[in-house]
Structure formats: structure tokens, C-alpha cells
Amino acid sequence: PNGEAPVALHTVLAEWTALKTEFNLSTRSSRAGDERLEQALGEFHRGVDAIGKETQRALEPLVRERDRLRDGAAAKLDATEQHWITVLLDVREALARGVKASRQAHQRLGWRGLFLPSGLFGGLLEGYGASLRRVDAALEANGIQPIECDGRPVDPARMHVVDVVHRDGVADGEVVEVVRRGYVRSDRVIRHAEVRAVAVKSNGSAEWDKTDDPRSE
């Protein structure tokens, strides 16, 4: 109708078959492309993983050497710091002994001290005191604090008992005198305190229980 030539049925079927074949070929080609793409991606990821493992193996000796150098530097720094702290504590002890000796000498002189230059012992004690304050300020600035001992029970982790005494009215194991100051930084003991303490009564007799003193181990 309308002047158009009739289309033969076999022609339509032939064209439809050709389109279907082309579509199937295109689909198979697309699937094959997808498979190749997935395969290529898989090989790429495996290659990246292999490179990563090889790189890690290559870097392991360098990492170990870095850690060794870092630990060695930290240990050296800690040892150097400990050395100077020990020196500073020794200086403080020497100054404290100087103060004590000066006071004792002044007391022993008695009236004879009147023949000495005026203010001799006062100036000496003032100099010792100023030096002690500077050392204590340096210790405090580095977080180093003296261990509180007087009137406290013996703490074996922080104190060494160097002598025992018998005192009425004082609890067993209580510190009555500090022979040598101890120091801590945070929870770390820099130097154990050396103390005299009241003997602990054991088995009916008064004695210090040496099992509480870490030096007995």
C-alpha cells in the first residue's frame, strides 16, 4: 500500500538472523574483553604485591639498623644523663657535709671562736647554702626528688637499711635517721636512701628482718 514495495519475509528473517549473530559476536567479544581486563588487573595487583614484598625485604636490614642506632643513641644518652646526675648528687652530698662540718667546728670552738674573724662561719655557711640551693634547683628542674624517709616505714624498693636501733615508743621498721639521701625521678629510683630504722621484733627478739633488705638477696 501507499506505493511501497512489499518486503519479502525471507529478507526480514535474513536481516534478523544477521543482527542476532552480530549481537552474539559482540557479546562474546565483550565478555572476552572483560575476562582479559580482569586477568590483566589480577596480574597487576600480583605484581604490585610482589614489588611490595621485595621492597619490604630490601628495607628490613635498613629498618633494623635504624632501630639499632636509635636504641644505641638512647642508651648512650641515658648513660650520659645518669652520669651527670650522679655527679650532681655527689656534689650535693659534699656541700651538705661541708655545712655539717662547719657547724660542728663552730660549736667545738666555743669561746675560742671569738678570736676568729667576724662572720667567718656565717659567710662560709651562707656560701654552702647558696650552692646547695642551686644544686637542688637543678635537680628539681630535671624531675629529681628526694625520697621521703623520716618517720616512715622502711620501703625496700627505695631504701637500704644500714643500721638498726632500739627505740621505745617508735613503731617497728620505722626510719629514725637518714644516713644518705635517696632520689627518684617519677617512679624510677636514681639512688637508694640509706637509713637507720627501728628493729623489727621477730621470734621474740628485736632484730631487723634482712629478707626485707634487697641487698640481702
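### Observations regarding the pattern of salt bridges
Under the definition given, this model contains eight salt bridges. The salt bridge partner of glutamate 93 is arginine 191, with a shortest N-O separation of 3.0 Å. One end of the pair, glutamate 93, is in helix H1 (residues 9-109); the other, arginine 191, is in strand E5 (residues 188-191), with 98 residues separating them in the sequence. The pair glutamate 93 / arginine 191 is uniform in exposure class, with both members buried.

### Some details on the environment of alanine 94
Along the chain, alanine 94 falls in helix H1. Taking the C-alpha atoms as reference points, alanine 94 and tyrosine 128, 34 residues apart in sequence, are found 9.8 Å from one another.

### Concerning the side chain of arginine 185
With respect to the helices and strands, arginine 185 occurs in strand E4 (residues 183-185). Sequence-distant contacts of arginine 185, that is, excluding residues within four places in its chain, are made with Glu81, Ile85, Asn142, Gly143, Ile144 and Ile190.

### With respect to the pairing of E5
The pairing of E4 with E5 spans three bridges and is classified as antiparallel. Residue pairing in the sheet places valine 184 in a bridge with valine 189 of E5. Connecting E4 to the antiparallel partner E5 that follows it, the hairpin turn spans two residues, and serine 186 within it adopts a positive phi of roughly 55°.

About the cut-offs
- Residues numbered from 1 in each chain as written.
- Predicted model: local features only at pLDDT ≥ 70, side-chain atom pairs only at ≥ 80, totals over all residues.
- Heavy atoms only, no water.
- Salt bridge = Lys/Arg side-chain N within 4 Å of Asp/Glu carboxyl O.
- Helix = DSSP H or I, 4+ residues; strand = E, 2+ residues; numbered from the N terminus.
- Buried < 20%, exposed > 50% of the residue type's maximum accessible area, 1.4 Å probe, protein only.
- Contact = heavy atoms within 4.5 Å.
- Pairing = 2+ DSSP bridges.

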